[in-house]
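Residues per chain are reported as follows:
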Amino acid sequence: MVRPFAKNVLNFAREADAVVTCSQSTREDLITLADLASERVHVVYGGVEKKTRPSFSKEEIKDKLSQYYRVKHPFLLYVGTLEPRKNVLRLLRAFFQVANQIPHQMVFVGQKGWNIDNFFETWSRSEFRDRVILTGYVPQSDLELFYEEAEAFLFPSLY
């Protein structure tokens, strides 16, 4: 079943001279679902904004993350709003399943969203809750440090 919003997107895509998508998977879905000619659908991958920021040594970065955010190395990183559609509860449970086998912290960077009570209930009941860091909002300049130092970035999409 295609949701009403998705139906609108498909209709708009059919009317457009060309469509730009963010991934090959989305391109293929549009071609199939909207019955578009493949030459009308183009993939343009997201870029990385080039910024100039002060250069920090690895030790300075580790100190900042530890002092301001209680993050210790090694750590796994999730960035995004804490809400069900982001699958953060699934990610938390997965971390708890392997926590006794790895030395990592699990760092969630992002603000609380809607309907997140199950996440916090699961977190509060776990023996590994002290290895889960919830930073809340992080300014872009500090966020870059998280990405730079994380052992892995986790994006638990089901699609």
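Calculation notes
- Residues numbered from 1 in each chain as written.
- Predicted model: local features only at pLDDT ≥ 70, side-chain atom pairs only at ≥ 80, totals over all residues.
- Heavy atoms only, no water.
- Helix = DSSP H or I, 4+ residues; strand = E, 2+ residues; numbered from the N terminus.
- Rg over C-alpha atoms; globule rule 2.2 N^0.38 Å.
- Buried < 20%, exposed > 50% of the residue type's maximum accessible area, 1.4 Å probe, protein only.
- Contact = heavy atoms within 4.5 Å.
- Areas by Shrake-Rupley, 256 points an atom, 1.4 Å probe, with all protein chains shown as cover.
- Lys, Arg positive; Asp, Glu negative; His and termini not counted.
- Charge placed at Lys NZ, Arg CZ, Asp CG, Glu CD.
- Axes fitted to C-alpha atoms, helices over the stretch in contact; angles between N-to-C directions.
- Parallel < 35°, antiparallel > 145°, perpendicular 65-115°, else oblique.
- Left-handed = near helix turned anticlockwise from the far one by under 90°.
- Arc of directions from axis to C-beta.
- Core = buried A, V, L, I, M, F, W, Y, C linked by side-chain atoms within 4.5 Å.
- Phe/Tyr/Trp six-rings, centres within 6.5 Å; stacked < 30°, edge-to-face > 60°.
- Lys NZ or Arg CZ within 6 Å of the ring centre and 35° of its normal.

*Asks:* I tried to follow the overall build of the protein on my own but got confused; where do I start?
*Replies:* Within the protein one finds six helices and six strands. Overall, the protein shows an N-to-C arrangement of helices and strands of α-β-α-β-α-β-α-β-α-β-α-β. A compact globule built from 159 residues should have a C-alpha radius of gyration of about 15 Å, whereas the protein, at 20 Å, is more than 25% larger. Here the protein holds 159 residues, and 35% of them are scored as buried. A fraction of 71% describes how many contacts in the protein between residues 6 or more apart in sequence connect residues 24 or more apart. Accessible surface computed for the protein: about 10800 Å², of which carbon and sulfur atoms make up 52%. Once the 21 positive and 20 negative side-chain charges of the protein are each reduced to a mean point, those two points are 4 Å apart.

*Asks:* Honestly, the packing of helix H4 (residues 88-98) against helix H5 (residues 117-125) in this entry has me stumped. Any pointers?
*Replies:* Helix packing for two helices is described by the angle between their axes and how far apart those axes are. Where H4 meets H5, the axes come as close as 9 Å, and the angle between the chain directions of the two elements is 15°. When the axes of H4 and H5 are compared, the pair comes out roughly parallel. The hand of the H4/H5 crossing is left-handed. Note on element contacts: H5 touches H4 through Asn118, Phe119, Thr122 and Trp123, opposite Val88, Leu89, Leu92, Arg93 and Phe96.

*Asks:* Would you explain helix H6 (residues 140-149) in this entry?
*Replies:* Each α-helix winds once per 3.6 residues, and so residues spaced three or four apart point in a common direction. What H6 keeps buried is the set Asp142, Leu143, Leu145, Phe146 and Glu149. One side of H6 carries all its buried residues, which in axial view fall inside an arc of 155°.

*Asks:* Looking at this structure, how should I read the nonpolar core?
*Replies:* Soluble globular proteins tend to pack their nonpolar side chains together in the buried interior. Membership of the largest hydrophobic core comes to 16 residues, with the highest contact counts inside it found for Leu82, Met106, Phe108 and Phe119. Those elements that provide at least two residues to this core are strand S3 (75-79), H4, strand S4 (105-109) and H5. Contact partners of Phe108, with chain neighbours within four places excluded, come to Tyr78, Leu82, Val88, Leu91, Leu92, Phe119, Val132, Ile133, Leu134, Thr135 and Gly136. If you look at the next biggest cluster of nonpolar residues, it comprises 15 residues, including Ile61, Tyr69, Val107 and Phe146.

*Asks:* Quick question: what am I supposed to make of the packing of aromatic side chains here?
*Replies:* Here the distance between the centres and the angle between the planes together describe a pair of aromatic rings. Across all of its chains, the model carries nine aromatic pairs by this definition. Note on Phe95 and Phe96: the rings are 6.1 Å apart at their centroids and 50° apart in plane angle, and the pair reads as tilted. Judged by relative accessible area, Phe96 falls into the buried class, the value being 13%. Of the aromatic side chains, those joined through ring pairs into one cluster are Tyr78, Phe108, Phe119, Phe120 and Trp123. The residue whose ring lies beneath Lys112 is Phe120, and the NZ or CZ to ring-centre distance is 4.9 Å.

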